[in-house]
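Next come the chains, spelled out residue by residue.
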Amino acid sequence: MQNLFKNPFYRSSSLIILLFFTGWGIWWSFFQIWLTNTLGFSGAEVGTIYSFNSAVTLVLMFVYGAIQDKLGIKRTLLIICAILQMLLGPFFSWVYAPLLHSHFYLGTILGSLYLSFAFLAASPTFEALTERFSRRYGFEYGQARAWGSFGYAVAALAAGFLFTVNPNLVFWSSSAIATVLLLILLFDKPARHPEVLAKYVDKEENEKEKTGPSFKEILSVFKMKALWQIVIYIILSWTFYTVFDQQMFPQFFTQFFATKAAGQQMYGILNSAEVFLEAIMMACVPWVMKKVGVRKTLLLGIIIMVVRIGGCGLVTNPFGVSLIKLLHAPETALFALGLFRYFTLHFDTKVSATLYMVGYQIAAQVGQIIFSTPLGDLRDHIGYSHTFLVISGIVAIAGIYATFILKKDNQDVNGQPLDRD
C-alpha cells in the first residue's frame, strides 16, 4: 500500500473520485427522505421523479461515454461536470424545491436535466476515467474506487446530522466540495511531468489507446449480441439498486423510530457504516476476482442482492434490518467491479467508457424508467415489505438468466486478460 501511494496517478485519481462521491453522497443519500419527509410527496410521485431522472440520464450517459472515449484520459468533461456541481445549493434552495411544489412536472423535468448533467451521468464518467487511468498507470481500479465509497460514507454520516438541522445544508455542502474538486481537476496533473510519466505508464496500454475510437467504432457496440444479453441482465438486477436502496429503503428504515429526526440520524449512521464496509470490499474484490474469476464474482454479487432485498422484506425490527442492509457492501463491490472487469475482459478496451455506460449504467436507467413508478405505486398499495419480496423474486430470475449468458473468463477474451492467482 505504501508503494501504491507513491504512484502520483493513483493519488490523483483517488482524490478526484473521493471528492466526487463525497459531494454526491452528502445530498444523494438523503434525496428520497427530502422528497417524502421534507416536501411531502407520495411513493408514486417520488417514482415519477426518479423515472424522469433516469430517462434523461439514459440518453446523456451514451453521450458522455462517447465523448470520454474520444477524449481518452483528458479531464475536460469532468471539469464541466464539477462546475455544474457547484450550482447544486442555489438550484435546490431557490429553484427546484419551489418549482416542484408549484409546477410538479415542470420542476421534475428541469431537475432531471440538471441532476443528470451534473451528477447522475457524471458518476459513471468519473468511474470510467478512473478505470482507464488504472490500466494505463499501474494500479487496481478497485483500490482507487474504494476512496469514492469512503468519501460517500463520511458524507452520509455528516448528512444525517446536517439534514436534521436544515435540509438545505447538505446541498450547500455539496457545492463547497465541488469547488475543491474543480481546483484539483484543473491543477493536479501528474502526466505533465515526463519523468513521472515514463516511470508509471504501461506502454502497451498507452499504445493501444493512443488513437481514440472512431464514431463508427463507438456505434458498433450496439450491434454486439453479448452486450444486449448483459443489458437484459442489468435491467432485471442492478435496476433495483436504485429502486430499493434510494427510492424506498430510506423512508422504510426511518419508520422504525419514534421521530423523523431520530430515524434520519440513524439512517445516516447506517448508510455511513455500510459504505465504509463497501470501501473495504472495493479494495478486496480485485483479489477475489483473481482467486475465483470474474464470472463467479458477478454471480456471487447477485446472490447477495436477492438475500439482502428479500431479507429486508421479512425482518420486522430495525436491528435485523440494519444487519441485512450491511450486505450492501459486498454486493455493490462484487457487482460493480465484477461487471467493469467483465467488459474490459471480453470487449475492446478502446470503447470501455461507452460499453460501461450502455451495458451497465444506461441499462439500469432503462430499468428504473420501467420499474420506478409502478413499484412506487405498488409500495403505496401493499407496503414496503411485500414490495421488497416482489423485487427479490425478480432479481432471483435475473440470477438464473445470468448463469446462462455470462461468459467464462477464458472465453472470447477481446480485451485485457485476467491474471489469475
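Residues numbered from 1 in each chain as written. Predicted model: local features only at pLDDT ≥ 70, side-chain atom pairs only at ≥ 80, totals over all residues. Heavy atoms only, no water.

Caption draft 1: Region of interest: the domain arrangement of the chain. Split by domain assignment, the chain resolves into domain 1 (1–211) and domain 2 (216–420). Its C-alpha centre places domain 1 at a distance of 19 Å from the equivalent point of domain 2. Between domain 1 and domain 2, the contact holds 57 residues from the first and 53 residues from the second. Interface area for domain 1 against domain 2, summed over the two sides, is near 4,600 Å², with a carbon-plus-sulfur share of 64%. Ranking the residues of domain 1 by area buried against domain 2 places Gln32, Asn37 and Phe62 at the top, with a combined share of 12%. Scanning the region where domain 1 abuts domain 2 turns up 1 salt bridge. A salt bridge links lysine 290 to glutamate 140; the shortest N-O distance between them is 3.4 Å. Seen at the junction of domain 1 and domain 2, the total is 11 residue pairs in polar contact (both at pLDDT 80 or more). (Domains from an automatic or database assignment. Contact = heavy atoms within 4.5 Å. Buried area = accessible area lost by both parts, 1.4 Å probe. Salt bridge = Lys/Arg side-chain N within 4 Å of Asp/Glu carboxyl O. Polar contact = N/O pair within 3.5 Å; in protein donor to acceptor, adjacent residues only side chain to side chain.)

Caption draft 2: Broad picture of the packing of aromatic side chains. One pass over the full model with this rule turns up 56 aromatic pairs. When the ring of tyrosine 384 is compared with that of phenylalanine 388, the centres are 5.9 Å apart and the planes differ by 40 degrees; the resulting orientation is tilted. In this pair, tyrosine 384 and phenylalanine 388 are both assigned in helix α22 (residues 384–405), 4 residues apart and thus about one turn of the helix distant. Of the two residues, tyrosine 384 and phenylalanine 388, neither departs from the other in class, the shared state being buried. Lying over the aromatic face of phenylalanine 249, lysine 325 brings its terminal NZ or CZ to 4.7 Å of the ring centre. (Phe/Tyr/Trp six-rings, centres within 6.5 Å; stacked < 30°, edge-to-face > 60°. Helix = DSSP H or I, 4+ residues; strand = E, 2+ residues; numbered from the N terminus. Buried < 20%, exposed > 50% of the residue type's maximum accessible area, 1.4 Å probe, protein only. Lys NZ or Arg CZ within 6 Å of the ring centre and 35° of its normal.)

Caption draft 3: Looking closely at helix α7 (residues 104–120). Across its 17 residues, α7 extends only 20 Å between first and last C-alpha, which sits more than 12% below the 24 Å expected from 1.5 Å per residue. Among all positions in α7, only Phe104, Gly107, Thr108, Gly111, Ser112, Tyr114, Leu115, Ser116, Ala118, Phe119 and Leu120 are buried. (Expected span 1.5 Å × (residues − 1).)

Caption draft 4: Looking closely at empty space enclosed by the protein. With the rule as written, the count across this model stands at 5 cavities of 30 Å³ or more. By volume, the largest cavity is sized at about 550 Å³. Considering the residues around the largest cavity, the lining is formed by 36 residues, among which Trp24, Trp28, Tyr241, Thr242 and Gln246 are closest to the centre. Elements with a minimum of two residues in the lining of the largest cavity: α2 (8–28), α4 (43–71), α8 (122–137), α9 (141–165), α15 (239–245), α17 (260–292), α20 (328–346) and α21 (352–382). By residue number, the principal contributor to the lining of the largest cavity is α21, which donates 6 residues. Split by domain, the residues of the lining of the largest cavity number at least three in each of domain 1 (1–211) and domain 2 (216–420). In this structure, the second largest cavity occupies an estimated 70 Å³ of space. (1 Å grid on protein atoms, 1.4 Å probe; cavity = no way out; pocket = protein on both sides within 12 Å on 5 of 7 lines; lining within 4 Å. Points joined across faces, edges and corners; volume = space filled by probe spheres on them.)

Caption draft 5: How the structure looks around the pattern of salt bridges. If you walk through the whole model with that rule in mind, you get 10 salt bridges. Linking glutamate 131 and arginine 135 is a salt bridge whose minimum nitrogen-to-oxygen distance equals 2.7 Å. Residue glutamate 131 and its partner arginine 135 are located together in helix α8, separated by 4 residues, close to a single helical turn. The pair glutamate 131 / arginine 135 is uniform in exposure class, with both members buried. For aspartate 245, the salt bridge goes to lysine 325, with nearest N and O atoms at 3.0 Å. In this pair, aspartate 245 sits in helix α15 while lysine 325 sits in helix α19 (residues 318–325), placing the two residues 80 residues apart along the sequence. Pair check on accessibility: aspartate 245 and lysine 325 agree, each one buried.

Caption draft 6: Representation of the layout of surface pockets. Here the largest pocket defines a volume of roughly 440 Å³. As for the largest pocket, its lining consists of 20 residues, and the residues nearest its centre are Phe139, Glu140, Tyr141, Arg341 and Gln416. Going through the elements one at a time, α8, α9, α17 and α20 are the ones with two or more residues in the lining of the largest pocket. In the lining of the largest pocket, the residues fall into 8 nonpolar, 5 polar and 7 charged. Two domains share the lining of the largest pocket, each providing at least three of its residues, namely domain 1 (1–211) and domain 2 (216–420). A volume near 190 Å³ is recorded for the second largest pocket. Every residue along the wall of the second largest pocket is listed here: Ile73, Lys74, Arg75, Thr76, Ile79, Phe133, Lys189, Pro190 and Ala191. The residue inventory of the lining of the second largest pocket, partitioned by class, reads 5 nonpolar, 1 polar and 3 charged. (Nonpolar A, V, L, I, M, F, W, Y, C, P; charged D, E, K, R; others polar.)

Caption draft 7: Quick look at the environment of alanine 66. As for its placement among the helices and strands, alanine 66 is situated in helix α4. Classification of alanine 66 by relative accessible area gives buried; the value is 11%. Once the C-alpha coordinates of alanine 66 and tyrosine 267 are considered, the two residues, 201 residues apart in sequence, prove to be 37 Å apart. For alanine 66, the residues in contact, after removing those within four places along its chain, are Ile218 and Thr354.

Caption draft 8: View of the packing of helix α6 (residues 88–102) against helix α10 (residues 168–187). Orientation of α6 relative to α10, taken along the N-to-C sense of each, is 150 degrees, at an axis distance of 7 Å. One way to sum up the angle between α6 and α10 is to call them roughly antiparallel. Residues Leu88, Gly89, Pro90, Phe92, Ser93 and Trp94 of α6 touch α10, and the partners they reach there are Asn168, Phe171, Trp172, Ser174 and Ser175. (Axes fitted to C-alpha atoms, helices over the stretch in contact; angles between N-to-C directions. Parallel < 35°, antiparallel > 145°, perpendicular 65-115°, else oblique.)

Caption draft 9: Representation of the nonpolar core. With 138 residues, the main nonpolar core has Trp27, Phe31, Trp34, Leu35, Phe92 and Ile234 as its most contacted residues. The residues that make up this core include at least three from each of domain 1 (1–211) and domain 2 (216–420). Among residues more than four places away in sequence, those in contact with phenylalanine 31 are Ile49, Tyr50, Asn53, Phe92, Tyr96 and Leu115. (Core = buried A, V, L, I, M, F, W, Y, C linked by side-chain atoms within 4.5 Å.)

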